[in-house]
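Each chain is listed here by its residues.
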Amino acid sequence: MDKRVQFDFEVNFTNGGSLKGEEFRLDITGDTITDQELVDYIIDDLRLLMAGKVDILNKQIITEPHKRKIAKQDPPSERLIDLSHTIEEGLITYKGLPAPHICDYLSRTESQKWYEEGTSFQIGKIEMVTNTGTYIDCPFHRFENGKDTAETELNKLAELEAVVIRIPYTETLEITDQYLRNREIRNKAVLIHTGWDRHWNTETYYENHPYLTQSAAEYLKDCQVKLVGIDSHNIDDTTGKSRPVHTILLGAEIVIVEHLCHLDQLPDENFTFTAAPPKFKGVGTFPVRAFASVQQNL
């Protein structure tokens with residue numbers, strides 16, 4: 001049998017006045033609906049502006065044939081996909097660099113000395129190198145006078161039009177410019193999906209990983225891309241001592257994001273990419289919460 005919800009409501013407006021409804025009925029899916037879902041529906045369906053506190057009263061679920069569209073909102077028009085690894089105590093991102101130490105600076109138990117009964121807080125303390133987890137490289141990482149995370153503009157870090165170029169590590173570890181051609185990449189974030197992230201936090205992850213060549217970096221520079229990301233241990237070949245990809249891209253103020261993950265969940269194009277670090281002076285790398293915003297059909 002169909003279910004409907006009957007309830008009273010009162011909307012208080014931030015610019016004065018209120019709106020009340022009694023024995024309002026809406027169709028629902030399932031057997032229940034939360035007060036917050038009802039609040040969101042009322043404001044959206046009645047197209048209310050300047051809505052403040054909203055009270056839902058006398059709510060009850062009744063069995064009755066549906067009369068109109070369901071009270072639950074339509075699916076969102078965009079989906080956020082997390083592309084970052086989780087940073088935790090003891091995580092090794094790059095062999096030879098120390099793992100982060102994450103602990104309490106102020107524990108909940110200790111904080112209870114300062115607040116009324118039942119009130120406690122936690123303040124964390126983190127000691128780590130900036131090359132930890134999924135992180136961004138800014139020009140200062142490679143060049144003494146390059147822009148650090150505080151100086152790098154947000155339009156190079158956030159809501160960038162982006163594309164994924166898929167080059168499975170089972171096909172090649174050496175990614176040349178030939179793999180990047182015939183794609184519209186100018187002024188976009190280019191994310192290289194190799195699948196290497198499946199080896200994250202294992203011994204395999206650190207050695208013989210996929211990387212870009214100097215020719216690939218030169219091609220990306222010539223195309224004036226805004227950002228280059230990869231789901232691998234390093235965007236450069238780490239078997240030698242040179243780092244031409246870092247040198248070329250960061251020299252052109254093209255930021256780099258390393259240690260991405262979940263690129264297999266993205267479409268090839270028509271999405272935006274964000275990887276913004278805190279605004280630190282004198283820091284060229286820092287962990288980010290990298291994510292993509294993918295438009296969905298309603």
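Here we summarise the structure given alongside this text. Fair warning: this is a prediction, and the values are worked out from it, not measured in the lab.

**A short note on the overall build of the protein**
- Scanning the protein from terminus to terminus reveals four helices and 16 strands.
- Taking 2.2 N^0.38 as the reference for a compact globule, 298 residues should give roughly 19 Å; the C-alpha atoms of the protein span a radius of gyration of 25 Å, well beyond that estimate.
- Taken along the three principal axes of its C-alpha coordinates, the protein extends 75 × 55 × 40 Å.
- In the protein, which comprises 298 residues, the proportion classed as buried is 42%.

**Describing empty space enclosed by the protein**
- For the structure shown, the criterion picks out one cavity of 30 Å³ or more.
- The calculated volume of the largest cavity comes to roughly 40 Å³.
- Taken together, Pro-139, Lys-147, Thr-152, Glu-153, Lys-156, Glu-253 and Val-255 make up the lining of the largest cavity.
- Considering only residue class, the lining of the largest cavity consists of two nonpolar, one polar and four charged.

**Remarks on the pairing of strand 10 (residues 189–193)**
- In terms of burial, strand 10 is largely enclosed, as five of its five residues are buried.
- Covered by surrounding structure in strand 10 are Ala-189, Leu-191 and His-193 together with Val-190 and Ile-192, the residues of both alternating faces.
- Taken together, the five bridges between strand 8 (residues 160–166) and strand 10 define a ladder with parallel strand orientation. From the neighbouring strand, Ala-162 faces strand 10, where its bridge partner is Ala-189.
- Bridging between strand 10 and strand 12 (residues 227–230) involves four bridges; their strand directions are parallel.

**Comments concerning the packing of aromatic side chains**
- What the rule picks out here adds up to eight aromatic pairs.
- When the centroid spacing of 5.4 Å and the interplanar angle of 90° are considered together, the rings of Phe-9 and Phe-24 count as edge-to-face. On the criterion of sequence distance, the pair formed by Phe-9 in strand 1 (residues 3–13) and Phe-24 in strand 2 (residues 18–28) is long-range, its members being 15 residues apart.
- On the basis of relative accessibility, which here comes to 4%, the residue Phe-9 falls in the buried class.
- Its relative accessible area of 24% is what places Phe-24 among the partly exposed residues.

**Points about the sheet that holds strand 15 (residues 285–287)**
- Strand order in this open sheet of nine strands is 4-16-14-8-10-12-13-7-15, and the pairing throughout is mixed. Every other strand in the sheet has two partners, leaving strand 4 (78–82) and strand 15 as the edge strands with one partner each. Within this sheet the neighbouring strands show an average axis-to-axis angle of 30°, counted without direction.
- Taken together, the four bridges between strand 14 (residues 271–274) and strand 16 (residues 291–295) define a ladder with antiparallel strand orientation. Looking at the pairing, Phe-273 lines up with Ala-292 of strand 16.
- Along the sheet, helix 4 (residues 244–251) contacts strand 7 (135–137), strand 12 and strand 13 (255–258); its crossing angle with strand 13, the most-contacted strand, is approximately 135°.

Cut-offs used in this document
- Residues numbered from 1 in each chain as written.
- Predicted model: local features only at pLDDT ≥ 70, side-chain atom pairs only at ≥ 80, totals over all residues.
- Heavy atoms only, no water.
- Helix = DSSP H or I, 4+ residues; strand = E, 2+ residues; numbered from the N terminus.
- Rg over C-alpha atoms; globule rule 2.2 N^0.38 Å.
- Buried < 20%, exposed > 50% of the residue type's maximum accessible area, 1.4 Å probe, protein only.
- 1 Å grid on protein atoms, 1.4 Å probe; cavity = no way out; pocket = protein on both sides within 12 Å on 5 of 7 lines; lining within 4 Å.
- Points joined across faces, edges and corners; volume = space filled by probe spheres on them.
- Nonpolar A, V, L, I, M, F, W, Y, C, P; charged D, E, K, R; others polar.
- Pairing = 2+ DSSP bridges.
- Phe/Tyr/Trp six-rings, centres within 6.5 Å; stacked < 30°, edge-to-face > 60°.
- Axes fitted to C-alpha atoms, helices over the stretch in contact; angles between N-to-C directions.
- Contact = heavy atoms within 4.5 Å.

Taken by themselves, the reported measurements are silent on function.
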